[in-house]
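# Secondary and tertiary structure notes
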Amino acid sequence: MKFLLEIRSIWILCLAQWASAATVFFPITLTWSNRTVAGVTRPVISVNGQFPGPPLNINQGDNVQFLVNNRCPFNTTVHFHGIEQIGTPWSDGVPGVSQRSILPNSSFLYRWTANDYGAYWYHAHHRGSLEDGLFGPIYIRPAPSVQRPFSLISNGTSQLNAMLAAERSTRPVLISDWRSLTSEQIWAAEVASGVDSWCANAFLVNGKGSVTCLPRDQINALTTPAQRAVLGTQNLTDMACWPANVTDATFNFPHNYSAVLPTMFEGCVPSQGPQEVLTVNGSQQFVSWDLTSTSGVIQMTVSIDEHVMWVYAIDGRYIQPRQVNALTIPNSNRYSVLIPLTQPRGDYTVRVVSASVQQLLNATAIMRYQGIPQLNRPSNPWITINNQNATANTVFLNESSVVPFPALVPSNNVDQTFILHVSRVGNSYRWTLGNSSYGLELEESQPLLFNQTAIPSDLIIRTRNNTWVDLIIQVDSILQPAHPIHKHSNKHFIIGQGNGTFTWNTVAEAVQASPGNFNLLTPQYRDTSNTPIPITGPTWLALRYHVVNPGAFLMHCHIQVHQSGGMALAMLDGVDAWPTIPPNYLIDSGF
Ligand SMILES: *[C@@H]1O[C@H](CO)[C@@H](O)[C@H](O)[C@H]1NC(C)=O
Ligand SMILES: *[C@@H]1O[C@H](CO)[C@@H](O)[C@H](O)[C@H]1NC(C)=O
Ligand SMILES: *[C@@H]1O[C@H](CO)[C@@H](O)[C@H](O)[C@H]1NC(C)=O
Ligand SMILES: *[C@@H]1O[C@H](CO)[C@@H](O)[C@H](O)[C@H]1NC(C)=O
Ligand SMILES: *[C@@H]1O[C@H](CO)[C@@H](O)[C@H](O)[C@H]1NC(C)=O
Ligand SMILES: *[C@@H]1O[C@H](CO)[C@@H](O)[C@H](O)[C@H]1NC(C)=O
Ligand SMILES: *[C@@H]1O[C@H](CO)[C@@H](O)[C@H](O)[C@H]1NC(C)=O
Ligand SMILES: *[C@@H]1O[C@H](CO)[C@@H](O)[C@H](O)[C@H]1NC(C)=O
Ligand SMILES: *[C@@H]1O[C@H](CO)[C@@H](O)[C@H](O)[C@H]1NC(C)=O
Ligand SMILES: *[C@@H]1O[C@H](CO)[C@@H](O)[C@H](O)[C@H]1NC(C)=O
Ligand SMILES: *[C@@H]1O[C@H](CO)[C@@H](O)[C@H](O)[C@H]1NC(C)=O
Ligand SMILES: *[C@@H]1O[C@H](CO)[C@@H](O)[C@H](O)[C@H]1NC(C)=O
Ligand SMILES: [Cu+2]
């Protein structure tokens, strides 16, 4: 009650200075109940009764007060993906790192300032519960003073106005993978069987989709050479996925396949759900979508039949626009696109297909022009359901061509270099990001923000404020997917990648020896970055970031089962300038 009064007085204070920054109060109530998604009924976390959660739309500079009422019968926390949390590290939402878990029937108030513009999202950060439906979009409208990159697309006045208008009414398009089992059922089965759960049952667009089971002859015909190379003489399962035992020829881990549950790798049961229809108005020339992957496991390629997409921002930050027909979205990334609405009125299929090697999976939505249709035939695809080009002219986004707008470059002087090993340890489902596996039980330890020695020191790295840090992610062995590595708080630059083992002590040495593996002039700047797939042997990824926000932040793989399996590391940023925690955040429920 005391706390509600406090919010009301802040509201009144802020209404008076509306022009500068507003305080936006966004209360959510989480419930756990059966829901039918993709035609399958299972328990789902609903946010204010909805799945996916409602959008949070705010202006750059706003102060957010995000209240979580947990009415689920289990602990939870909420993380604001990509939000820097400058000066508010206690609102980052990671149990055991920045806060204690929010107990059933209690609440927690997250407060943060929207310093940056762009597309973000909120999601559960407790155990695997992101995969149970707790996620929703965040959009921060850029301040008028922020320079847009749209004149690199066209200088025509009418086109520029149309692009600005499209951006003003940009829409979230959340693409997700979905499982018929809950995250705790999956985790329990991983522990009991020793197997990493790498298949999904459906893809969703804004929460809508179906489970389709491809006929056996089609599965076999679509199986790619990369899938065959691992399958040997086996076939993909009836879910068009690698079976649980494909890694046995390479690894000698203990396993008990009887503990694998139906629908984890095989046992496809078709079911029909609704299809998402995204309506557009052709007279507006452009529409803007924030394509956001909330996936737990599988990376997806998105394409709109007979249309191009101008990718103009990644992870909320502008880039020099790139015109493509298809793009692949690693788990948790956002790709903002302007779509020129140049085609005859009608329905065009939006295709979402698996880009991860282990499974063929797809979904379709409809982009529908308002008005009487002029198109009376099915639209033509750019891509096939096994992630290949369906035409000779299909352009996929080339990540190495992406350049930040305006230009932004990292320092050449680096204070610390960490080499972090990504490996399986002891079991197919246990992982490291560094020297040791970050066990799920550490989520219930004393938060590192309050006690820097609460967990074993080999799971922690420490940095000083206003220094530059290099993180070399070394992928040690074959049969791993691309790992979408997410660092909480501020974004990082992707400065290099390569095949083999990173044998140098620093990036400077590596640049001397192998300059072709680096881009220090126009590197991408983002919050989650894929490691290169280790096809024939180890690979590495080099990230560089500036420490500007003292606090305890997690870095982890955004494949949910990998994070649960320990692919995480605690980063104590700016230990020399550690913040004083507001008293409200020191106690259990936050206030
Ligand atoms: C979902 O439905 C099943 C079957 O009726 C029931 O056993 C289960 O308790 C329900 N779960 C929730 C969270 O309501
Ligand atoms: C829930 O969170 C509380 C507070 O952090 C913790 O003591 C408890 O062990 C957690 N319960 C579970 C089941 O993780
Ligand atoms: C939460 O509150 C509901 C309704 O008052 C009650 O039925 C439930 O037992 C409570 N749960 C816990 C874990 O206290
Ligand atoms: C628009 O004008 C600017 C400034 O002359 C130029 O740099 C840019 O390339 C032009 N854009 C297009 C699409 O031609
Ligand atoms: C793979 O599928 C084909 C076609 O159905 C079948 O002939 C073959 O026996 C299958 N291979 C295995 C190892 O099951
Ligand atoms: C996986 O299991 C199938 C039978 O279910 C067997 O035929 C195959 O050889 C096994 N593969 C490996 C790599 O052990
Ligand atoms: C393997 O899993 C099954 C099913 O959970 C269980 O009944 C069995 O005891 C397990 N076997 C071993 C050796 O743990
Ligand atoms: C996946 O693609 C197949 C083949 O084109 C199609 O029949 C099926 O409807 C698609 N699945 C979904 C869920 O859209
Ligand atoms: C896909 O692209 C390749 C390389 O450009 C081309 O050779 C091939 O014909 C294309 N596939 C189709 C179906 O057009
Ligand atoms: C911090 O955590 C360590 C390890 O659990 C514990 O020994 C120590 O007492 C804690 N310090 C405080 C101030 O709680
Ligand atoms: C690594 O090797 C693969 C082929 O195995 C190649 O496609 C890729 O371009 C190489 N990557 C780099 C950064 O050299
Ligand atoms: C940390 O360093 C950044 C960059 O120099 C600076 O803006 C910020 O104020 C520093 N934070 C603290 C708490 O000293
Ligand atoms: Cu991973």
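Residues numbered from 1 in each chain as written. Chains lettered and ligands numbered in written order. Predicted model: local features only at pLDDT ≥ 70, side-chain atom pairs only at ≥ 80, totals over all residues. Heavy atoms only, no water.

### So, the sheet that holds strand 28 (residues 539-546)
On the basis of which strands lie adjacent, the open sheet formed by six strands has the order 21-20-23-28-25-26 and mixed pairing. Sheet topology places strand 21 (431-433) and strand 26 (524-526) at the edges, where each strand pairs with a single neighbour. Taking the axes of each pair of neighbouring strands and ignoring which way they run, one obtains an average angle of 25 degrees across the sheet. Sheet topology note: the strand 25 (residues 492-499)/strand 26 ladder contains three bridges and is antiparallel. Residue pairing in the sheet places isoleucine 494 in a bridge with glutamine 524 of strand 26. (Pairing = 2+ DSSP bridges. Helix = DSSP H or I, 4+ residues; strand = E, 2+ residues; numbered from the N terminus. Axes fitted to C-alpha atoms, helices over the stretch in contact; angles between N-to-C directions.)

### Some details on the pairing of strand 28
With respect to burial, strand 28 is a largely interior element, seven of its eight residues being buried. Bridge analysis of strand 23 (residues 468-475) against strand 28 gives eight bridges, and the strand direction is antiparallel. Following the sheet pairing, valine 475 is matched in strand 28 by threonine 539. Inspection of the sheet shows strand 25 paired to strand 28 by six bridges, in the antiparallel sense. Residue pairing in the sheet places glutamine 497 in a bridge with leucine 541 of strand 28. (Buried < 20%, exposed > 50% of the residue type's maximum accessible area, 1.4 Å probe, protein only.)

### Notes on the UniProt feature "domain: Plastocyanin-like" (unreviewed entry) in the chain
According to UniProt, the positions carrying the feature "domain: Plastocyanin-like" (unreviewed entry) are residues 31-143, 172-371 and 454-573. Measuring from the first to the last C-alpha atom of residues 31-143 gives 35 Å, for a span that is 0% helix and 46% strand. Taken end to end, residues 172-371 is 12% helix and 34% strand, and its two terminal C-alpha atoms sit 23 Å from one another. (UniProt positions renumbered as here; feature names shortened; annotations may be inferred.)

### Things to note about the site of ligand 4
Taken together, Ser151, Leu152, Ile153, Ser154 and Asn155 make up the full set of residues adjacent to ligand 4. In this structure, serine 151 approaches ligand 4 through a main-chain N or O atom, which is 2.8 Å from a nitrogen atom. Note that an oxygen atom of ligand 4 is positioned 2.4 Å from one of the side-chain N or O atoms of asparagine 155. Expressed as a share of its isolated accessible area of 360 Å², the protein-covered part of ligand 4 is 36%. Its residues assigned to classes, the shell around ligand 4 shows two nonpolar, three polar and no charged. (Near = heavy atom within 4 Å. Polar contact = N/O pair within 3.5 Å; in protein donor to acceptor, adjacent residues only side chain to side chain. Areas by Shrake-Rupley, 256 points an atom, 1.4 Å probe, with all protein chains shown as cover. Nonpolar A, V, L, I, M, F, W, Y, C, P; charged D, E, K, R; others polar.)

### Describing the coordination of the copper ion (ligand 13)
Here the copper ion (ligand 13) is held by the protein donor atoms His483 (ND1), Cys557 (SG) and His562 (ND1), which lie 2.0 to 2.1 Å from it. The sequence pattern formed by the donor residues of the copper ion (ligand 13) is H-x73-C-x4-H. When its relative accessible area of 2% is taken as the criterion, histidine 562 is described as buried. (Donors = N, O, S within 2.8 Å, 3.2 Å for Na, K, Ca; no water.)

### Examining the sheet that holds strand 6 (residues 107-113)
Taken in spatial order, the four strands of this open sheet run 2-1-4-6, and their pairing is mixed. This sheet does not close on itself; its edge strands, each paired only once, are strand 2 (40-47) and strand 6. Pairs of neighbouring strands in the sheet enclose a mean axial angle of 20 degrees, with direction left out of account. Across seven bridges, the pairing between strand 4 (residues 63-70) and strand 6 is antiparallel. The partner of phenylalanine 66 across the bridge, within strand 6, is tyrosine 110.

### As for the state of the cysteines
A full pass over the atoms with the stated rule returns two disulfides. Note that cysteine 199 is cross-linked by a disulfide to cysteine 241, the S-S spacing being 2.1 Å. Sign of the S-S torsion, about -90 degrees for the bond between cysteine 199 and cysteine 241, identifies this disulfide as left-handed. Residue cysteine 199 is found in the loop between helix 3 (183-193) and strand 10 (202-205), and its partner cysteine 241 is found in the loop between helix 5 (225-231) and strand 11 (277-280); the two are separated by 42 residues along the sequence. Each member of the pair, cysteine 199 together with cysteine 241, is buried. (Disulfide = S-S within 2.5 Å.)

### Section: the site of ligand 11
Looking at ligand 11, the residues that line it are Gln497, Gly498 and Asn499. Measuring from an oxygen atom of ligand 11, one finds a side-chain N or O atom of asparagine 499 at 2.3 Å. For ligand 11, the protein covers 39% of the area, taking 360 Å² as the surface of the free molecule.

### Looking at the packing of aromatic side chains
All chains considered together, the criterion is met by 28 aromatic pairs. Judged by centre distance (6.1 Å) and plane angle (35 degrees), the rings of tryptophan 90 and tyrosine 585 are tilted. Here tryptophan 90 is found in the loop between strand 5 (78-81) and strand 6, whereas its partner tyrosine 585 is found in helix 8 (residues 583-586), with 495 residues between them in sequence. When the ring of tryptophan 187 is compared with that of tyrosine 429, the centres are 5.6 Å apart and the planes differ by 80 degrees; the resulting orientation is edge-to-face. Residue tryptophan 187 is located in helix 3, and its partner tyrosine 429 is located in the loop between strand 20 (416-424) and strand 21; the two are separated by 242 residues in the primary sequence. One exposure class covers both tryptophan 187 and tyrosine 429, and it is buried. Grouping aromatic residues by their ring pairs yields a cluster made of Phe26, Phe66, Phe80, Trp90, Phe108, Tyr110, Trp112, Tyr122 and Tyr585. Seen from the ring of tyrosine 545, lysine 487 lies directly overhead, with NZ or CZ sitting 4.6 Å from the centre. (Phe/Tyr/Trp six-rings, centres within 6.5 Å; stacked < 30°, edge-to-face > 60°. Lys NZ or Arg CZ within 6 Å of the ring centre and 35° of its normal.)

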